[in-house]
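# Tertiary structure, described
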Amino acid sequence: SAARAAIDRARAARVSSAELAALIEALAASLYAGGSSEATEAAERFFARALALRESLASSDPEPLASLLHDLSSVAFNKGDFASAERLERRALGLRERALPPGDPRTAESRRDLALIFMAQGRLRETAELLPAALEVIEASPSGDPRQIAAGRNYLAELYRLQGRYAEAEELLVRLVKEAETGEAAGREELPYLLNGLAGIHKDQGRLDEAETLLRRSLALRREAGAPDPGAVSRATLNLAELYRAQGKLGDAEPLYTEALALARESLGHGSTELLEFLNQLAVLHRERGRLDEAEPLLREALALAEAGLGAGHTRTAQSLLDLAELLRARGSCRAAEAHYRRAAAIREEVLGRGHPDVAEALAMGARCLAADPGRRAEARAALDRAVGILGRSEAHPEIAAESLALRSELRRGPDPAGARRDLLEAIRIVEGMRPHRGGGESVRAGFFGRHAHLYETLVRMEAESGDAEAALEAAERGRARTLLDQLLAARVGEADAGPARTARMAAARAELAELRERLAFEQRGSGGPHADRRRRVEELERRLDEAARSFRSLYDEARNASPAWRGAAAPATVTARSVQSDAVPRGGLVLLYELGRSGSHVLLVPPAPGRVEIRSLAAGPAEAAALGMPAGPLAEQNLAEALLGGEKGPGLLARLASPRGALRRGIGGLSGPGELEAVHLHALWRVLVPAEFRERVLGAAEVVIIPDGPLFLMPFEALVVEPAARWSEARFWIDAGPPARYAPSATFLRHLASRPGPRPPRAGTRPSGLTVSDPAYGRGGPQQAASGAAGARRRGSPAFRPLDPLPGTAAESAAVRRALEPVADVAVLAGARAAESMVRRELAGKRYLHIATHGLVEESDADLFAALALAPPAGGPASGDDDGYLHLFEIYDLDLDAELAVLSACSTNAGRVVAGEGIFALSRAFLVAGARRVVASQWPVDDDSTAALMGDLFRRVADAERAGGPLRAARALRDARLTVRRSKDWAHPFYWAPFVLTGLD
């Protein structure tokens, strides 16, 4: 109404038609800037009135009409109406070419914008014909707008990226970022867009660590702008979510996807073609999390938007087709998916050209469906040949290239074994090159490598089939514990590397976590008030705690990205069989290395040099299969996991070991089982895991180093039954009949551990030092949660923010350790309120022997970061981030230890999330990274009385070695201490003596 009134006043004043047109245009532009759908509709009506006036005046002055057509083209472009945008911009360009002198920057602006319309439609050849020349004219103009010039160069870099010319795009954007950072304010406004463009190039190349830093900065700049643009913020949020998804951080990605889509719907409006990427990518996340029913409607909405707004032949339509095809494949509907794959590949080929890497991506994805049909493997092979050829000439899509080579290797195995091996080795080379650049912390690197662990499994199988056991050993070692090796190489990469600002943000985040845990513990203890109100408060605090944990994880990964030591840490990819024999095999002993696979598994027996490495397939005979509840035949990892960990049929072998009927009668809570385990089950497992040809040598060895795989990381081999009997006390276990055993995630890990400097000798006139921590005073200002079961029974801890049962039984254990060590070492004792995090941190430094008997807290979803030893909360003040009563795994990593032996007598300190190829993210792992040479930790909850006896015996043997001045021989000392416990009539069951295992050096 106000706009109409202004026009009426102008008419009443008898202004000229040109002045009236200018007024209407200004009013239309003002309305358009309002952003609402009503304002936009009104703006378009006024633009139409201005256009009619300009048309009548064009013969005398065509430039104002051309300028208006140029603006109207932008309006149509922003709506996704590219056909109208092109028609209007072509008219503007025609007028300018006729009316303006050659080289006029306004003509170049029309050519530039016409090129952008082409680029949005995937018409890259036409874009390339117009854009560079237009930008050259604009940049040469004395009146050139620095912001427009920077934006134009960004467009050119995007063109290079779309064409696969990554080196040129990166060089251009790096220069633009530097100019924007140091130039005028107008140029700096483009900085978030330039950072985003550069991140896109790095992401395409698999350089996610570099992309992550850029995307975080881009999003922060957009959010911190004086008047944040919701559309720009939504796009930056989407890009960061995409990066998290590519890193495997799906839990961190999901809230960002949801936020981005909500912002986009609000800023773009219903039906905008720009929504399709937001819909597509959230759907892809749902698909990857197995939520196919949530993914499909989003994908179909996105495809409808693409086809209606962009046309059936657009590259973004092709992307929607690919994403829908992948969903259909996940549903098992390859026939329905195939048409979408073919159509997507055809669109990309038509628009981008036959040799574009995006064409290869579509071909490779479609080949997976073709390869699943035995009758169409020749078609799959042809598609893969093309895809591999294209990607071999490009830096784009390295992970797709590796997957294509791996699939082609599988198809070549029968007719061309040499070619199959070459393809597999090239796929592994690509994956190993990508690994250091995944960004984030330990979990991201390990998760990425875990997704490709099947490549190493396949290579081991190939080498085994060819009879080359040494090559099989080297292949297995290449895929083992690589992130743990990185951590050893970059030990104590702490927050100091993150810079002051980031360190301050991390400290604030840790403080927030500590406060929320305290508040939640208070509410869960029952603080009064209506139950429903308390439940709502608990739910809200749990939600906030989850957000705070996610925020801290994000900052932690960001700090790792910022650390040159961490980014540069990349353990060597190769190891020789001879180096394993010289560095990892104990004198007179053996190494048993396990490689579990999807369809078959192997064990390698490695003797000292010059002995011959041997490899055998693992299989379950009919009797063993019946006992373990698995199919007879080759041992598959999934079947072994169900036997050990349980599944739909009930609890597995480990759960039954960890809670036998006798232990349940004594009050050990936390796990339940169907009753006392028959020794025949552990005997069956012995026969499956140790082939007949190896058994005599294993039992006769001086010592065995076990390198497990998958669920075997959770199995104490000493509990395997060599000779079954009706009673536990009469059965002969490995621990009775076999050698001492210790464990390692890889032979290469042992070599790196042994290469560390030895313990610092005590100062003259002093003795070695030890530390024992027990019975922390968990209660602060209120009653504790009642212990379940009998007094003295210890159980696996609850999540770190819940009240904890006291552990009075650990005081006797600590006393036994102190008595054992006192003749040879000065022993510090921290108990009760003194067992606080701040005091434990201070006392850990420089101690040769460590013993910690507290609650071990292991949460499956966050064990890689938030597993913790529960200590006493700080006395007399609120919990802070670095003194909240929980010594977390991520904090232990950064400690500076010099321990010959660390014994974590807490429950489940060697338990946690098992990552394929990597091992367990357990508390024991963190102590090894921090400087301990050997760690004894527990596989399940432990009993106080038997553990106190075991620990006292173990440390007496440690003291004997210290007194004699000889080697520690920790594996033998632990074995003998466990045997002492086992020989007690009450403690014959493996529950009491089997959970503690030694990882590291002897």
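Here the structure is shown first, and the text comes after it.
The structure contained in this document is the topic of the report that follows. (Residues numbered from 1 in each chain as written. Predicted model: local features only at pLDDT ≥ 70, side-chain atom pairs only at ≥ 80, totals over all residues. Heavy atoms only, no water.)

### Side note on the overall build of the protein
The helix and strand inventory of the protein stands at 46 helices and 21 strands. What you see for the protein is a C-alpha radius of gyration of 33 Å, in line with the 30 Å of a compact globule of 1002 residues. By principal-axis analysis of the C-alpha atoms, the protein measures approximately 110 × 75 × 55 Å. Counting all 1002 residues of the protein, 58% fall into the buried class. Put simply, of all contacts in the protein between residues at least 6 apart along the chain, 71% involve residues at least 24 apart. Entry remark: accessible area of the protein is about 39100 Å², with carbon and sulfur atoms responsible for 51%. Taken as two groups, the 131 positive and 137 negative side-chain charges of the protein have centres that lie 3 Å from each other. (Helix = DSSP H or I, 4+ residues; strand = E, 2+ residues; numbered from the N terminus. Rg over C-alpha atoms; globule rule 2.2 N^0.38 Å. Buried < 20%, exposed > 50% of the residue type's maximum accessible area, 1.4 Å probe, protein only. Contact = heavy atoms within 4.5 Å. Areas by Shrake-Rupley, 256 points an atom, 1.4 Å probe, with all protein chains shown as cover. Lys, Arg positive; Asp, Glu negative; His and termini not counted. Charge placed at Lys NZ, Arg CZ, Asp CG, Glu CD.)

### A look at the pattern of salt bridges
Within the structure shown, the criterion is met by 96 salt bridges. A salt bridge links Arg 207 to Glu 170; the nearest nitrogen and oxygen atoms lie 3.0 Å apart. Of this pair, Arg 207 sits in the loop between helix H11 (191–204) and helix H12 (208–223) while Glu 170 sits in helix H9 (residues 166–182), and the two are 37 residues apart along the sequence. Judged on exposure class, the residue Arg 207 and its partner Glu 170 are both buried. Between Glu 349 and Arg 386 there is a salt bridge, with the nearest N and O atoms lying 3.4 Å from each other. Taken together, the residues Glu 349 in helix H18 (residues 334–352) and Arg 386 in helix H20 (residues 377–392) connect sequence positions 37 residues apart. Looking at Glu 349, the relative accessible area reads 23%, which means it is partly exposed. Among the charged side chains, a salt-bridge network with shared partners connects Glu 212, Arg 216, Lys 249, Arg 505, Asp 557 and Glu 558. (Salt bridge = Lys/Arg side-chain N within 4 Å of Asp/Glu carboxyl O.)

### Let's talk about helix H7 (residues 124–140)
Along an α-helix, residues three or four apart share an orientation, since each turn contains 3.6 residues. Here H7 spans 24 Å end to end across 17 residues, near enough to the 24 Å set by a 1.5 Å rise per residue. Turning to H7, its buried residues number three or more, namely Leu 124, Thr 127, Leu 130, Leu 131, Ala 134, Leu 135 and Ile 138. Packed against the buried residues of H7 are helix H6 (105–120), helix H8 (146–162) and H18. (Expected span 1.5 Å × (residues − 1).)

### Quick word on unusual backbone geometry
Cis geometry is adopted by the peptide bond preceding Pro 610, which originates at Ala 609 and carries an omega value of 10 degrees. For His 397, which is not a glycine, the phi torsion comes out positive at approximately 50 degrees. For His 397, the position within the fold is in the loop between H20 and helix H21 (398–412). His 397 sits in the buried class, given a relative accessible area of 15%. In this model, Arg 969 sits at a positive phi of 50 degrees, which is unusual for a non-glycine residue. The topology assignment puts Arg 969 in the loop between helix H44 (944–964) and helix H45 (970–982). Given a relative accessible area of 38%, Arg 969 falls into the partly exposed group.

### What to know about the nonpolar core
Phe 552, Phe 749, Leu 844 and Phe 927 are the most contacted members of the largest nonpolar core, which totals 192 residues. With nine residues, helix H28 (residues 531–562) is the largest single contributor of residues to this core. Core analysis: the second largest hydrophobic core is formed by 85 residues, Leu 644, Leu 657, Phe 713 and Trp 987 among them. (Core = buried A, V, L, I, M, F, W, Y, C linked by side-chain atoms within 4.5 Å.)

By themselves, these are just geometric observations and shouldn't be taken as functional.
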